[in-house]
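Commentary on secondary and tertiary structure
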Amino acid sequence: LAKTTQPISMDSYEGQEVNITCSHNNIATNDYITWYQQFPSQGPRFIIQGYKTKVTNEVASLFIPADRKSSTLSLPRVSLSDTAVYYCLVEYGNTGKLIFGQGTTLQVKP
Amino acid sequence: SQTIHQWPATLVQPVGSPLSLECTVEGTSNPNLYWYRQAAGRGLQLLFYSVGIGQISSEVPQNLSASRPQDRQFILSSKKLLLSDSGFYLCAWSVEGGGQPQHFGDGTRLSIL
């Protein structure tokens, strides 16, 4: 059964690096992992997408180990404005299913 | 650049009334289109997706339906709303093909009384 799992919540302080891990045991060879950020009463916003190893853009990095059964979103030096819910999405190509994780609520404290 | 529009932003409807939510995308052709529902404090549940005009795939059985009458128009409908249909409805688009990032609209907050 395809499933995408992530922690429900995390706390951090301004200036720290935050790492959020998503588990996707049934990921297939050609499936991509995508992360989104959502603020209250808004649609999710695309952060980063990866397939394997490491991807970095101006806001985050995505680390994917060789077995691809998990992935880690890394937010460098978070600020108060990074307080939001972060979602992991995997498209399971072998079933055609798009499955979001339940979301990780990140609370950044001053 | 591409943009996605959803309306209305908020909607209050009585139980048993019909529903029509509209989503349009601009600046791209033949996008994949998606409807999601998000219950309060919960994650996103995929309801429908479409890879082309008239092509609709349903992910969960329910009293909602979707239609794609034009390439960049996606409509979510119901003939008779239930209390359990309350939630935050989100439309999204992606470039055609698999493994492409989705881009979301601002959502419609639907309350059923």
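Here's a quick rundown of the structure. (Residues numbered from 1 in each chain as written. Chains lettered and ligands numbered in written order. Predicted model: local features only at pLDDT ≥ 70, side-chain atom pairs only at ≥ 80, totals over all residues. Heavy atoms only, no water.)

1. Section: the overall build of chain A
Along the backbone of chain A there are 0 helices and 10 strands. Secondary structure elements in chain A, listed N-terminal to C-terminal, are β-β-β-β-β-β-β-β-β-β. Against the globule reference of 13 Å for 110 residues, chain A gives a C-alpha radius of gyration of 13 Å, in line with a compact fold. Counting only C-alpha atoms and orienting by the principal axes, one finds that chain A spans roughly 45 × 30 × 20 Å. Sequence-distant contacts in chain A: of pairs separated by 6 or more residues, those separated by 24 or more amount to 56%. Counting only carbon and sulfur atoms, one obtains 51% of the accessible surface of chain A, whose full area is about 5600 Å². For chain A, the centre of its 9 positive side-chain charges and the centre of its 8 negative side-chain charges are spaced 6 Å apart. (Helix = DSSP H or I, 4+ residues; strand = E, 2+ residues; numbered from the N terminus. Rg over C-alpha atoms; globule rule 2.2 N^0.38 Å. Contact = heavy atoms within 4.5 Å. Areas by Shrake-Rupley, 256 points an atom, 1.4 Å probe, with all protein chains shown as cover. Lys, Arg positive; Asp, Glu negative; His and termini not counted. Charge placed at Lys NZ, Arg CZ, Asp CG, Glu CD.)

2. Observations regarding the sheet that holds strand 8 (residues 73-78) of chain B
Residue and element names in this part refer to chain B. Reading across the sheet, the 4 strands line up as 1-3-8-7 and stay open at both edges, with antiparallel pairing between neighbours. Edge positions in the sheet fall to strand 1 (3-7) and strand 7 (64-70), since each has one partner strand and no second. Between one strand axis and the next, the sheet turns through 20° on average, direction left out of account. As judged from the 6 bridges shared by strand 3 (residues 19-26) and strand 8, these two strands associate in the antiparallel manner. Looking at the pairing, serine 20 lines up with serine 77 of strand 8. (Pairing = 2+ DSSP bridges. Axes fitted to C-alpha atoms, helices over the stretch in contact; angles between N-to-C directions.)

3. Here's the deal with the interface of chain A and chain B
Where the parts come together, the accessible area they lose is often given as the size of the interface. Each partner contributes to the interface: chain A provides 17 residues, whereas chain B provides 20 residues. The largest per-residue losses of area from chain A upon contact with chain B belong to A:Pro44, A:Leu98 and A:Phe100, which jointly make up 33% of the total buried on that side. The tally of links from chain A across to chain B stands at 0 salt bridges. Joining chain A to chain B, the criterion identifies 3 residue pairs in polar contact (both at pLDDT 80 or more). Only strand 3 (33-38), strand 4 (45-50), strand 8 (84-92) and strand 9 (97-100) of chain A provide two or more residues apiece to the side of chain A that touches chain B. Grouping the amino acids of the side of chain A that touches chain B by side-chain chemistry returns 8 nonpolar, 7 polar and 2 charged. (Buried area = accessible area lost by both parts, 1.4 Å probe. Salt bridge = Lys/Arg side-chain N within 4 Å of Asp/Glu carboxyl O. Polar contact = N/O pair within 3.5 Å; in protein donor to acceptor, adjacent residues only side chain to side chain. Nonpolar A, V, L, I, M, F, W, Y, C, P; charged D, E, K, R; others polar.)

4. Side note on the pattern of salt bridges
A complete count under the given rule lists 3 salt bridges over all chains for this structure. With a shortest N-O distance of 3.2 Å, B:Asp71 and B:Arg68 are connected by a salt bridge.

5. Some thoughts on the sheet that holds strand 2 (residues 18-23) of chain A
Residue and element names in this part refer to chain A. Taken together, the 4 strands give an open sheet; going across it, the order is 2-7-6-5, and neighbouring strands pair in antiparallel fashion. Only two strands of the sheet have a single neighbouring strand rather than two, namely strand 2 and strand 5 (53-56). With strand direction ignored, the average angle separating the axes of adjacent strands in the sheet is 15°. Alignment of strand 2 against strand 7 (residues 70-75), held across 6 bridges, turns out to be antiparallel. Counterpart to threonine 21 in the pairing with strand 7 is threonine 72.

As far as function goes, none of this settles anything; it's purely spatial.
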